[in-house]
Amino acid sequence: MRIFIGVAWPYANGVVHLGHVMGAYLPADIFARYNRMIGNDVLMVSGSDEHGTPVTITAEKEGKSPQEIVDRYHKINSEVMNKLGISFDLFYRTSHENHEKVVKEFFLKLLENGYLYEEEMLLPYCPKCHRFLPDRYVVGTCPYCGYENAHGDQCDNCGRTLDPKDLIEPRCAICNTPTEFRKSKHIFFALSKLEDRLISWIEEKDFWRDNVKRFTYQFLKSGLKDRAITRDINWGVEIPMEGYEDKRIYVWFDAVIGYLSASMEWARRNGKSWENYWKKEAKHFYFLGKDNIPFHTIIWPAMLMAHGDLNLPYNVVANEYLQFSGRKFSKSKKIGVWMPELLDNFEPDMIRFYGAVNMPEHRDFNFTWENFISTINETLVGKYANLVYRILSFAYRNFGEIPPRGDVDELDREALKMIMRTRKKMSEYIENVEFKKAIKEWLELVNFGNIYFTKKAPWTQCKENKEKCGTTINICLQMVQALAVFGAPFLPFSSEKVWKYLGNEDSIFEHQWNEGIKNLPAGRKLKEPEHLFHKIELEEERYEKWNQMDIRVARVKSVEDHPDAEKLYIVKLDLGDDERTVVAGLKKYYSREELEGREVLILYNLEPATLRGVKSHGMLLAGDDGERVALLKPMEDLKPGTKVMANGAEPAGEKTLKFKKFKKMKIEVVDIKENKAIGAEEYTLDFPLRDEWLGKQGVVFHDKKPLILHVGEVLIVPDKRITPGGQVR
RNA sequence: AGCGGGGUGGGGUAGCUAGGAAAUCCCGCCGGGCUCAUAACCCGGAGAUCGGUGGUUCAAAUCCACCCCCCGCUACCA
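Residues numbered from 1 in each chain as written. Chains lettered and ligands numbered in written order. Predicted model: local features only at pLDDT ≥ 70, side-chain atom pairs only at ≥ 80, totals over all residues. Heavy atoms only, no water.

**Student:** Even after reading the chapter, I still don't get the overall build of chain A, so can you show me in this structure?
**Tutor:** In terms of helices and strands, chain A carries 19 helices and 34 strands. Looking at chain A as a whole, 57% of its 729 residues qualify as buried. In chain A, once contacts between residues fewer than 6 apart in sequence are set aside, the share between residues at least 24 apart is 73%. Total accessible area computed for chain A in this model is approximately 31800 Å², and 46% of it derives from carbon and sulfur atoms. (Helix = DSSP H or I, 4+ residues; strand = E, 2+ residues; numbered from the N terminus. Buried < 20%, exposed > 50% of the residue type's maximum accessible area, 1.4 Å probe, protein only. Contact = heavy atoms within 4.5 Å. Areas by Shrake-Rupley, 256 points an atom, 1.4 Å probe, with all protein chains shown as cover.)

**Student:** Would you mind showing me how to read the packing of aromatic side chains here?
**Tutor:** Two aromatic rings are characterised by how far apart their centres lie and by the angle between their planes. Counted by the stated rule, this structure contains 33 aromatic pairs. The interplanar angle of 85° and the centroid separation of 6.2 Å between the aromatic rings of Trp 9 and Tyr 259 together place this pair among those described as edge-to-face. In this pair, Trp 9 is assigned in the loop between β1 (2–7) and α1 (18–37) and Tyr 259 in helix α7 (residues 251–270), connecting sequence segments 250 residues apart. An identical accessibility class is assigned to Trp 9 and Tyr 259; each is buried. Ring geometry for Tyr 354 and Phe 367: centres 5.7 Å apart, planes at 80°, overall edge-to-face. With Tyr 354 in helix α11 (residues 348–357) and Phe 367 in strand β17 (residues 365–367), this residue pair connects regions lying 13 residues apart in the sequence. Across the pair, exposure class does not vary: Tyr 354 and Phe 367 are buried alike. Linked through ring pairs, Phe 4, Trp 9, Phe 106, Tyr 250, Trp 252, Phe 253, Tyr 259, Trp 278, Tyr 286, Phe 295 and Trp 300 together constitute an aromatic cluster. One residue, Arg 182, lies across the ring of Tyr 125, its end atom 3.8 Å from the ring centre. Positioned above the aromatic ring of Tyr 115 is the side chain of Lys 193, whose terminal nitrogen or guanidinium carbon lies 5.2 Å from the ring centre. (Phe/Tyr/Trp six-rings, centres within 6.5 Å; stacked < 30°, edge-to-face > 60°. Lys NZ or Arg CZ within 6 Å of the ring centre and 35° of its normal.)

**Student:** Sorry, what's going on with unusual backbone geometry here?
**Tutor:** The general pattern is negative phi for most residues beyond glycine and trans for most peptide bonds. Of note, Val 433 is a non-glycine position whose phi angle comes to about 50°, a positive value. Residue Val 433 is classed as buried on the basis of its relative accessible area of 4%. Within the chain, Ala 457 stands out as a residue other than glycine whose phi angle is a positive 45°. With respect to the helices, strands and loops of the structure, Ala 457 is situated in the loop between α14 (435–456) and α15 (458–464). Owing to a relative accessible area of 15%, Ala 457 belongs among the buried residues under this scheme.

**Student:** Please clarify how the sheet that holds strand β19 (residues 569–574) should be interpreted in this entry.
**Tutor:** Pairing between sheet strands relies on hydrogen bonds along the backbone, with the strands arranged either parallel or antiparallel. An order of β20-β19-β18-β21-β24 is seen for the 5 strands of this open sheet, with the pairing classed as antiparallel. Edge positions in the sheet fall to β20 (579–584) and β24 (619–620), since each of these pairs with one other strand and no more. Judged from the 5 bridges that link them, strand β18 (residues 551–561) and strand β21 (residues 599–603) form a sheet pairing that is antiparallel. Looking at β21, one finds that Ala 554 is bridged to Val 600. (Pairing = 2+ DSSP bridges.)

**Student:** What should I look at first to understand the sheet that holds strand β13 (residues 283–289) in this one?
**Tutor:** In space, the 5 strands of this open sheet follow the order β3-β2-β1-β13-β14, with parallel pairing throughout. For this open sheet the edge positions go to β3 (90–93) and β14 (315–319), each flanked by a neighbour on one side alone. Adjacent strand axes in the sheet meet at a mean angle of 20°, parallel and antiparallel pairs treated alike. Across 5 bridges, β13 lies against β14 in parallel orientation. Across the sheet, Phe 285 pairs through a bridge with Asn 315, a residue of β14. (Axes fitted to C-alpha atoms, helices over the stretch in contact; angles between N-to-C directions.)

**Student:** Would you mind going over the pairing of β1 with me for this structure?
**Tutor:** In regular strands, side chains alternate between the two faces of the sheet. Most of β1 sits inside the fold, with 5 of its 6 residues counted as buried. In this fold, β1 hands off to α1, which returns the chain to strand β2 (residues 41–48); that crossover is right-handed. Of the strand pairs in this sheet, β1 and β13 are connected by 5 bridges, and their pairing is parallel. When the sheet's bridge partners are listed, Phe 4 is paired in β13 with His 284. (Right-handed = clockwise from strand over helix to strand, strands pointing away.)

In C-alpha cells, the structure reads:
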C-alpha cells in the first residue's frame with residue numbers, strides 16, 4: 001500500500017518546541033517508520049512555512065531581509081528534525097523557487113476550473129503603520145463567541161475561521177490603533193461551491209478522531225464562505241495575473257500546497273514519481289496540532305477538489321496541546337521547552353520516549369521537568385535499558401553467542417506468547433494511530449521480561465544446568481529482539497544499537513516488523529553490549545516555582561504620595577543599572593522619611609499594573625502577620641540590583657510573573673534555629689546555614705521544599721520582628 | 001464573570017463516546033526476596049465517598065440536571 005504522510009509545516013519565524021514535536025512530528029514519524037517496516041511505500045514530507053507578515057515584521061525589527069530570517073529558522077528546525085530522527089523524505093521550504101512554481105500552477109488550475117474570481121474588498125489598513133494588515137494582525141472581538149482577542153483569521157477560542165471584517169472593534173495587533181478599511185482588488189476561492197461535496201466527503205470519515213470531527217463539524221455549521229487568497233503584502237508567492245504585481249498569495253493557500261510541491265520536489269531530486277502518491281491509489285495521512293484542523297479537513301480538501309484529480313486526505317490526526325507547568329506553550333511569551341536546547345541536553349530517544357508515553361492524543365498534557373526526568377530515569381532507563389543490558393551482558397559473558405533453545409516449559413511458552421501478543425497489539429494500535437497505547441503495550445513486554453528473567457534466575461541455572469540456562473537466555477534474547485524491532489519506530493537510535501549487540505551487521509530498518517518474532521540463529525556471535533542510556537543526573541536541583549521569580553535588591557530614591565489614593569505611595573527605586581517606579585500600599589506603616597534611602601526588595605518580574613491611574617512595575621516585598629508589616633531587606637546593605645537567591649539558587653525569572661500566579665506562591669517569615677525554620681509550621685532546612693543567621697528571622701520560599709532566601713552570605717530579613725508564619729506579599 | 005479544558009488512592013494517569021460483578025498503570029510509602037543488572041530488578045501490603053447533590057436504570061466513574069473547585073485565555077487588583 002502507498003502511504004503519503006503530511007506533517008504541519010512549522011512557521012519559520014521561530015524555533016520548534018516540544019509541543020510541536022509531541023503533537024505532530026513524533027507521531028508522524030512513528031507512523032512512517034512503522035509503515036515502512038510493514039512494507040508499505042511511504043512518502044513523508046513537511047517543511048518550513050516561510051511566507052507571511054510575521055516574518056517581515058521580525059525582519060524589520062532586526063533590520064534584516066525576510067529571506068535571512070527564514071534561512072535562519074529553516075536551518076535550525078531542519079537540524080532539529082534531523083537530530084530527533086524524524087525521517088522525512090523531504091523537509092522542504094516554501095521560499096524555494098519550485099514551490100512557488102507549483103503554487104502558481106495550482107492557482108491557474110483553480111482559475112481554469114472556475115473556482116477563482118476577482119472582487120474588490122474592504123481590507124483592514126492601519127493608518128499608523130501605513131500598510132494593509134494581514135488577518136493575523138487584526139485583533140478584535142469574535143462575533144460568534146465574544147472572545148475579545150480573536151485574530152482576524154481564526155478565533156483561538158472557538159476555533160472558527162474568521163474574516164477581519166467579522167471582528168467587532170478591530171484594531172492593529174502591532175500598535176493597537178483602530179483599523180480603517182480600504183478598498184483593494186483580490187482573488188477569491190469559491191469555497192461555497194464545494195460545500196455539499198465537502199459535507200458528503202466528511203460524512204464518510206467516521207473513523208476520524210473525535211476532536212477532529214468536532215472541530216470540523218463546528219466549522220461547517222457556521223457555513224462555508226468564499227475566502228480571499230491574495231493579500232496586499234510583498235513577501236510571498238507572486239500572483240500569475242496582471243494587475244497584481246504588488247500583491248502576493250495568502251500564506252495559508254501557499255503553505256498547504258507545500259504538501260504537493262514537496263512531493264514533486266522529492267520526486268525530482270530522487271528520480272521518482274510523485275503521481276504515484278497523488279494520482280494513484282494512496283492513503284493520505286496528515287499530522288498536526290488541534291489549531292490546524294480546519295485547514296486540513298476543509299480548506300485543503302476543498303482546494304484539492306477544485307483542482308481535480310489529486311488524492312484527498314484519508315485521515316487527519318490532530319493532537320491536543322502540551323502545556324508547560326500548567327501554562328500554554330508560547331513562542332512570543334517564551335514559555336516552553338525549545339528543541340535545540342532540549343537536544344543539546346538529552347538523547348533523542350529519551351525525548352521520543354517521553355513524547356510517546358505522554359502524547360496529548362485526547363487531552364492536553366502538562367509538562368514538568370520532574371515528570372520528564374522521572375519518566376526517563378525510571379521507565380526508560382530503569383526498566384527497559386536495564387533489562388536489555390542485564391540480558392545481553394549475561395548472554396555475552398556466559399555464552400558469547402546465541403545459545404540454542406532446548407526443551408521449553410510453561411513459562412517459556414508464555415514468554416513466546418507475550419512476544420506474539422505484543423506484535424499484534426502494537427500493530428493494531430499504531431494502525432489506529434494510537435501511539436500512546438502502542439508504547440504502553442511495548443512496556444508490558446519490558447515488564448514481563450524483567451519478571452521472566454527474575455523467575456528463571458539464569459545465574460543459578462547456569463551453575464546447575466547450562467543447557468537449561470541456554471534455553472532461558474535464548475528466549476530472553478528473543479524478547480530483546482522483539483523489543484528492538486517493535487520499539488524501532490519509537491526509539492530508532494537505541495533499537496539500532498540493540499540490533500547490533502544481537503550480532504547483526506546491517507540496519508534494523510532494513511528489516512520487517514514481522515522479523516521481531518523470527519527465531520534467532522543459534523551460534524551467532526554476540527557483540528559486547530554497553531548501557532543504552534545513562535540516567536539523567538541533576539547538576540543542581542530544579543526549583544520550578546522559584547525559577548519563575550526574580551527578586552532584586554533596590555534602594556529607595558524617592559517617595560511621593562499617590563495623588564489619587566489614600567493608602568498608596570509612589571516609590572522610585574534605584575536598581576543599579578536600572579530604575580523602577582512602583583506603587584506601594586505602605587502609607588499606614590511607614591513614613592516617607594523612613595523609606596527614603598533605605599534598601600528594600602522588589603519583585604522585579606511581576607507584570608506591570610495600573611493602580612489608580614499610576615503604573616507600577618513590580619512590587620515591594622514585606623512580611624505581614626495581620627498586625628505589623630515589615631519590609632524585607634538584606635541583613636547588610638548590598639549593591640542595588642543584586643538578585644536574591646534561595647538555597648543558593650539564583651532564579652531564572654525571565655518571564656513576566658502574573659499577579660495571580662504570585663499570589664499562589666507561599667513565602668513566609670520564619671525564626672531560624674540551627675537547621676530548623678519555624679513559621680506556621682516547623683520546617684527542616686537542608687541548606688548550610690551560617691552561624692550569624694541563627695536566632696534571626698528569615699524568609700522561607702516554599703517550593704518542593706522550603707528554601708531560605710539570602711544573597712551569598714547575607715540573609716534576607718524583615719526589618720522588624722513579626723510573628724513567625726507571617727505571609728510575604 | 002465570559003470561553004475552553006479538567007477534577008479518579010499522597011503525586012501523576014487509564015477507563016467515560018457504545019453503563020455491568022474485584023477500578024488500570026507509573027512513582028511514593030510499608031514489609032519481603034534476589035544479587036545477573038545503571039542503589040537495578042522481582043514479590044506482597046496499606047491506601048480511592050471515581051469533586052458534590054439529585055435523577056435515569058435491575059446496574060453509573062461511565063448517561064442527564066444543578067452546584068463546587070482547579071488550570072489556561074480574558075476582566076479586576078497589591
